[in-house]
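Chain residues, written in single-letter form:
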Amino acid sequence: MTGELPVDQILRGECVETMKTLPDGSVDCIFADPPYNLQLRGELRRPDETVVDGVDDAWDKFDDYSAYDKFTREWLSEAHRILDKDGTIWVIGSYHNVFRLGAILQDLGFWILNDIIWRKSNPMPNFRGRRFTNAHETMIWAAKSPQSRYRFNYQAMKALNDDLQMRSDWYLPLCTGNERLKNEHGLKLHPTQKPESLLHRVLVASTNVEDVVLDPFCGSGTTPAVAKRLGRHYVGIERHPDYVKAARERVAREERLTSEHVAVTPAKRDIPRIPFGSFVETGVLPAGTALYDRQKRLKATVTPDGTLVSGNQRGSIHKLGAMLTNAPSCNGWTFWFFERDGEMVPIDILRQESVALRNVG
Ligand SMILES: C[S@@+](CC[C@H](N)C(=O)[O-])C[C@H]1O[C@@H](n2cnc3c(N)ncnc32)[C@H](O)[C@@H]1O
């Protein structure tokens, strides 16, 4: 899928013009943090009229809403063309622009999947005290079309959330401390550098190892840096030369993890239908191995034909699990555990590892 695409590069240029040079359907995912159109609105000033954050940069100013909408339509049209038919886009915004972004996304044929609230654990206070503290940003996640067979790593998200379904409200801190890039005067290099944790979750949720992620407003290079770390490819676009330089240096410092480390919990549809017996036949889980339920109250033994026995009861991993718990059905893959290196692990891990190995190979 790399063809003429300048993969693993940060391109300096105007986003619409630069996007026009990228081939149709050539990227798997887009993360865009476009100008917010804040226009130095009152709530961004302290009582002494100084600006609370560096958002008075020229890149954030538009004459009026129609100029902002025109620009948004242009870059989102290009994004739609460049995105693979099964790809997804993430667009982050605040109340100043997110409703405009949402309407234009829908007008262009994108299919909204979720709006994620990024709830900031350490938001900036409201200095004037005339409104609520604005403590979140919204990310719209959309597929290229309603027909897209888009990627969502449901199991990986669940695993990341202590085995509970990941919800649409994400509680993450702002980018602070060592993560925040500084200029030669020790000041923030970029006014709106996004936290790496946010990009980590976005990319683990919606991309695979080796996928290509485009960020058309890449600023300080957060998306390319996290993409590289997670074994994804990236294309960044940024017009400000200082940010381009900083982003390139940042990405160069980043280590790319090996595919073995970055493979995530596979989606259910990616788990091959491997019969339990094949792990017995191949000696991965030999006959005679003891299996237990999670609490280690029940015990069964693996037999050579892949059935389990417990006392005088015998059945498949599913059937015996159901019989022993008096349940109508049971998913034996997640019910039965075995001991490995002193730890209890579900037998499902064997299927997941076989997918990870296939992906690496
Ligand atoms: C909200 S910031 C993105 C910050 C980035 N997510 C990060 O973590 O550093 C938007 C960026 O888009 C760039 N930008 C704005 N308009 C642009 C345009 N028309 N073409 C290219 N870059 C643009 C700005 O210079 C700015 O760095």
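A brief report on the enclosed structure follows. (Residues numbered from 1 in each chain as written. Predicted model: local features only at pLDDT ≥ 70, side-chain atom pairs only at ≥ 80, totals over all residues. Heavy atoms only, no water.)

**Let's talk about the overall build of the chain**
Looking only at helices and strands, one finds 12 helices and 14 strands in the chain. The buried share of the chain, reckoned over its 361 residues, is 48%. Taking as baseline every contact in the chain between residues at least 6 positions apart, the subset at least 24 positions apart corresponds to 67%. In the form shown here, the chain has an accessible surface area of approximately 18400 Å², with 49% of it arising from carbon and sulfur atoms. (Helix = DSSP H or I, 4+ residues; strand = E, 2+ residues; numbered from the N terminus. Buried < 20%, exposed > 50% of the residue type's maximum accessible area, 1.4 Å probe, protein only. Contact = heavy atoms within 4.5 Å. Areas by Shrake-Rupley, 256 points an atom, 1.4 Å probe, with all protein chains shown as cover.)

**Re the environment of glycine 13**
Tracing the chain through its elements places glycine 13 in the loop between strand 1 (9-12) and helix 1 (15-19). The spatial distance from the C-alpha of glycine 13 to the C-alpha of arginine 239 is 4.4 Å, given a sequence separation of 226 residues. Aside from chain neighbours lying at most four places away, what touches glycine 13 is Thr18, Ile237, Glu238 and Arg239.

**Concerning helix 7 (residues 241-253)**
Along its 13 residues, helix 7 runs 19 Å from first to last C-alpha, staying within 8% of the 18 Å computed at 1.5 Å per residue. Where helix 7 is buried, its residues meet strand 1, helix 5 (196-206), helix 6 (222-229) and strand 8 (233-238). (Expected span 1.5 Å × (residues − 1).)

**Looking at the sheet that holds strand 1**
Strand order in this open sheet of 8 strands is 1-8-7-2-3-5-4-6, and the pairing throughout is mixed. Looking along the sheet, the strands with just one partner apiece sit at the ends: strand 1 and strand 6 (169-172). On average, each strand axis in the sheet is tilted by 20° relative to the strand beside it, whichever way the strands run. Of the strands in this sheet, strand 2 (27-32), strand 3 (83-93) and strand 7 (212-215) touch helix 2 (residues 65-82), which is tilted by about 145° from strand 3. In the packing of helix 6 onto the sheet, the strands contacted are strand 1, strand 2, strand 7 and strand 8, and the crossing angle to strand 8 comes to about 170°. (Pairing = 2+ DSSP bridges. Axes fitted to C-alpha atoms, helices over the stretch in contact; angles between N-to-C directions.)

**Re the environment of lysine 228**
Mapped onto the fold, lysine 228 is located in helix 6. Judged by relative accessible area, which is 18%, lysine 228 ranks as buried. The residues contacting lysine 228, other than those within four sequence positions of it, are Tyr234, Val251, Ala252, Glu254, Glu255, Arg256 and Leu257. Within the structure, lysine 228 has its side chain in polar contact with the backbone oxygen of valine 251 (distance 3.0 Å). (Polar contact = N/O pair within 3.5 Å; in protein donor to acceptor, adjacent residues only side chain to side chain.)

**Let's talk about the site of the ligand**
Not every one of the 20 residues close to the ligand is listed here, only the nearest: Glu14, His190, Ser220, Thr222 and Glu238. At 2.7 Å from an oxygen atom of the ligand is found a side-chain nitrogen or oxygen belonging to histidine 190. Within the side chain of arginine 239, a nitrogen or oxygen atom sits 3.3 Å from a nitrogen atom of the ligand. Computed on the free molecule, the ligand has an accessible area of 610 Å², of which 99% lies beneath the protein chains in the complex. Its residues placed into classes, the shell around the ligand shows 8 nonpolar, 7 polar and 5 charged. (Near = heavy atom within 4 Å. Nonpolar A, V, L, I, M, F, W, Y, C, P; charged D, E, K, R; others polar.)

**Examining the pattern of salt bridges**
Counted by the stated rule, this structure contains 16 salt bridges. Residue glutamate 137 pairs with lysine 120 through a salt bridge whose shortest N-O separation is 2.7 Å. Note that glutamate 137 is positioned in strand 5 (residues 136-143) and lysine 120 in strand 4 (residues 111-120), a separation of 17 residues in sequence. Taken individually, glutamate 137 and lysine 120 each receive the classification buried, so the pair is uniform in this respect. Close ionic contact of lysine 245 with glutamate 249 constitutes a salt bridge, the shortest N to O distance being 3.2 Å. Of this pair, lysine 245 and glutamate 249 are both found in helix 7, 4 residues apart, which corresponds to roughly one turn of the helix. (Salt bridge = Lys/Arg side-chain N within 4 Å of Asp/Glu carboxyl O.)

**Overview of the packing of aromatic side chains**
Enumeration over the complete set of coordinates arrives at 10 aromatic pairs. Relative to phenylalanine 217, the ring of tryptophan 75 has its centre 5.0 Å away and its plane inclined at 80°; by these criteria the two rings are edge-to-face. Pair noted here: tryptophan 75 is in helix 2 and phenylalanine 217 is in the loop between strand 7 and helix 6, with a separation of 142 residues, a long-range link. Using a relative accessible area of 15% as the deciding quantity, one classes phenylalanine 217 as buried. When the ring of tryptophan 141 is compared with that of tyrosine 150, the centres are 5.7 Å apart and the planes differ by 85°; the resulting orientation is edge-to-face. Judged by relative accessible area, which is 4%, tryptophan 141 ranks as buried. (Phe/Tyr/Trp six-rings, centres within 6.5 Å; stacked < 30°, edge-to-face > 60°.)

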